[in-house]
Amino acid sequence: MSDARVIARLDDKGRNEPALAPVDSTGRTLVLDVPPGVELLRASLTLQAPGDDVMVDVVPGATLATSTGKKQLSKDESIEWVSLDWGARRPLTFLQLQTPAGSPAGKARLSVAEGGPWYPPTPSDTVPLGGNGQPLPGIMASRLMMELVDASAADPLKPKVLVPTKLSGVVVKAAARPADLTVLVEPGTLFFHQATPLQPFQELTLVEDLTAALQRAWPAELKGGQVTLTLRSSSPAKLTKIHLTLDTATVVQQWSGGGSSLALPLVRDGEASASIDVPVGQKLKEVRFRIQHQLRDEHLPLTPRPPPQPPLAHRCGSGFAAAQSFSAPAGGGPLVGLDLHLRPLTREVKGTLTLFPDAYDRPGEQLLEGTPLELSLEETGDAPWDYRWAAFELPKPVALDSAWWAVLTVTEGTVLWSLGEPGSAPGEGPLVPRTALYRTGDTSPWLPREVPSPKKSEASGPWAFTRPRLRTPAAQPPPPPRVRLRWGGQSLDVTPDEDGSVFLDEHTLGKLPPPPVTPKTGAPPRLEVVVLSGAGGESTLSGLRVTIPRADAYPLFPSPAK
């Protein structure tokens, strides 16, 4: 399973200004491409304003008015005043009043407003005309009035007289830091607004409101899609930093191979497992699932413990068949199934298990009800393959009132049916193994297995390891299976609640660290739910939810050096 990562990208507006990110009333968009199966846990967005040495010209977007009623300046027309209205409070940092060549020296009296009456700025309310302009001390204003006055007036207490003067242009610059800032999730859900200008070099970090807004807009049902953020300022501005971090979690809700629920057949004293594909190298934050068991009401009158590699075995296939006889159950219930201890020698093995009544110490002609039963084994790994218990389930219980036989016939491939050494079969009990036979063809006679024994007086031969399963109506309910979570070479025992629910948090899962990649295959080990049962039956797994957290940083602006 690949590790799902959200892709974050900024629009390419202002790409010719590598040190500054323009933001204006049209908006600056930030797009998140969310892959399926990814949940947002937390988000953080940091924005930084530039210092006041970074400026923008407010004149192009401002409304200009003059004393003559014109909306633009003409170098051939004298005016007494000119005003500019750019609609937002900005800190003014530079002013230049341009005059035609050869114009006499002059001055302009300044007045500013912030949506209300005009008032003189401090520390000085007059500036000279012409020249290279002069800096202003960050005067906050949304409008600026420049009245052209008599430059020779020496008495500062006397009102300055307006003097018609020609101006060829006006340059007014403000600090580029945003005059205000709005952040919204498209389509139009506003979750943050600052009405006042950002301070020089101020860093603004959005966390809780951003997280809540993104989670509301996140693709429904974790199906994946796009989420778009928009940054807006009422007038042209610039940012020096746009940095996004996302804490997400890959959420796995299906078992390997697909499906939200899975049925696991249980073999008595066996192990069954369901695997889950998870990203490699990532810790687990949470594991949830539900497990329910349907165990058969049965018991084993025989509980052989074959060695891992039995020294003796029937070879079934290529015309060879094998048979094992048993006594009738003494006080036991009907037969509900059998387990045979088998080892495949070919990748695929097909055949049948048939039950017959005894006829003169040989399998009879009449089949017992419910048989034959199908044998189908298919191996996926490399040979050699191990012995295992192969389970055969009867469609309904079969009453046994006399000795009977289990006959294994292989029609495709080859399999070994392990044998116990002579004298190893129990001689008494509710069900006693008897003779083991084999034959070389469908019509060939059944022959006993002859195995050399160091005990010259040994009368009995070997027996084929088999576990008949009998139903006992009065028996106590079988104990519930044990459940483990396994990842690589580590495992963790888990205890389901009364309703079968399992919940493992991050602290508990800390005991199950991510395993390394398998050197032989180069693939990450799968996470597994393992069921170990002392009885046969079925376990049903559902409600899977595995979350794997990850943290990603996106330096959207300035972009990291390549």
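Each remark here, short or long, concerns the structure printed above.
Residues numbered from 1 in each chain as written. Predicted model: local features only at pLDDT ≥ 70, side-chain atom pairs only at ≥ 80, totals over all residues. Heavy atoms only, no water.

Trainee: Just checking my understanding: could you explain the environment of Leu-206 for this structure?
Mentor: Structurally, Leu-206 is set in strand β16 (residues 203-206). For Leu-206, a relative accessible area of 6% corresponds to the buried category. Apart from residues no more than four positions distant in its own chain, Leu-206 is found in contact with Ala-43, Ser-44, Leu-45, Val-183, Phe-191 and Phe-192. (Helix = DSSP H or I, 4+ residues; strand = E, 2+ residues; numbered from the N terminus. Buried < 20%, exposed > 50% of the residue type's maximum accessible area, 1.4 Å probe, protein only. Contact = heavy atoms within 4.5 Å.)

Trainee: It is not clear to me how the sheet that holds strand β37 (residues 490-494) should be interpreted in this structure. Could you clarify?
Mentor: Pairing between the strands of a sheet is mediated by backbone hydrogen bonds and can be parallel or antiparallel. One open sheet accounts for four strands, arranged β21-β39-β36-β37; its pairing is antiparallel. Only two strands of the sheet have a single partner each, and these edge strands are β21 (270-276) and β37. With strand direction ignored, the average angle separating the axes of adjacent strands in the sheet is 25°. As defined by bridge partners, strand β36 (residues 482-487) adjoins strand β39 (residues 527-533) across six bridges and the pair is classed as antiparallel. Within β39, the position partnered with Arg-486 by the bridge is Glu-528. (Pairing = 2+ DSSP bridges. Axes fitted to C-alpha atoms, helices over the stretch in contact; angles between N-to-C directions.)

Trainee: So what exactly am I meant to see when it comes to the packing of aromatic side chains here?
Mentor: Here the distance between the centres and the angle between the planes together describe a pair of aromatic rings. Going through the model one piece at a time under the given rule, you end up with three aromatic pairs. Between the aromatic rings of Trp-255 and Phe-289, the centroid separation amounts to 6.5 Å while the plane-to-plane angle is 70°, which identifies the pairing as edge-to-face. Of this pair, Trp-255 sits in the loop between β19 (241-252) and β20 (262-266) while Phe-289 sits in strand β22 (residues 286-295), placing them 34 residues apart in sequence. Here Trp-255 and Phe-289 have matching classes, each one buried. Arg-143 extends its terminal NZ or CZ atom over the ring of Trp-118, reaching a point 4.5 Å from the ring centre. Its end group placed over the ring of Tyr-438, Arg-449 keeps NZ or CZ at 5.5 Å from the ring centre. (Phe/Tyr/Trp six-rings, centres within 6.5 Å; stacked < 30°, edge-to-face > 60°. Lys NZ or Arg CZ within 6 Å of the ring centre and 35° of its normal.)

Trainee: Would you take a moment to explain the pairing of strand β11 (residues 134-149) for this structure?
Mentor: Taken residue by residue, a regular strand's side chains alternate between the two faces of the sheet. Where strand β8 (residues 81-98) lies against β11, 10 bridges are found, and the strand directions are antiparallel. Opposite Ser-83, over in β11, you have Met-145 as the bridge partner. Judged from the seven bridges that link them, strand β9 (residues 107-113) and β11 form a sheet pairing that is antiparallel. The residue of β11 that forms the bridge with Ser-111 is Met-145.

Trainee: I keep staring at the pattern of salt bridges and nothing clicks. Help me out?
Mentor: A pair can form between side chains of opposite charge whenever their charged atoms are brought close. Across all of its chains, the model carries 25 salt bridges by this definition. One salt bridge in this structure joins Glu-77 and Lys-70, with 3.5 Å as the shortest N-O distance. The partner of Asp-339 in a salt bridge is Arg-469, and the shortest N-O contact between them spans 3.0 Å. Placement of the pair is Asp-339 in strand β26 (residues 335-344) and Arg-469 in strand β35 (residues 466-471), with a sequence separation of 130 residues. Of the residues examined, Arg-469 reaches a relative accessible area of 1% and is grouped as buried. One continuous salt-bridge network, built from bridges that share partners, spans Glu-39, Glu-286, Arg-288 and Arg-545. (Salt bridge = Lys/Arg side-chain N within 4 Å of Asp/Glu carboxyl O.)

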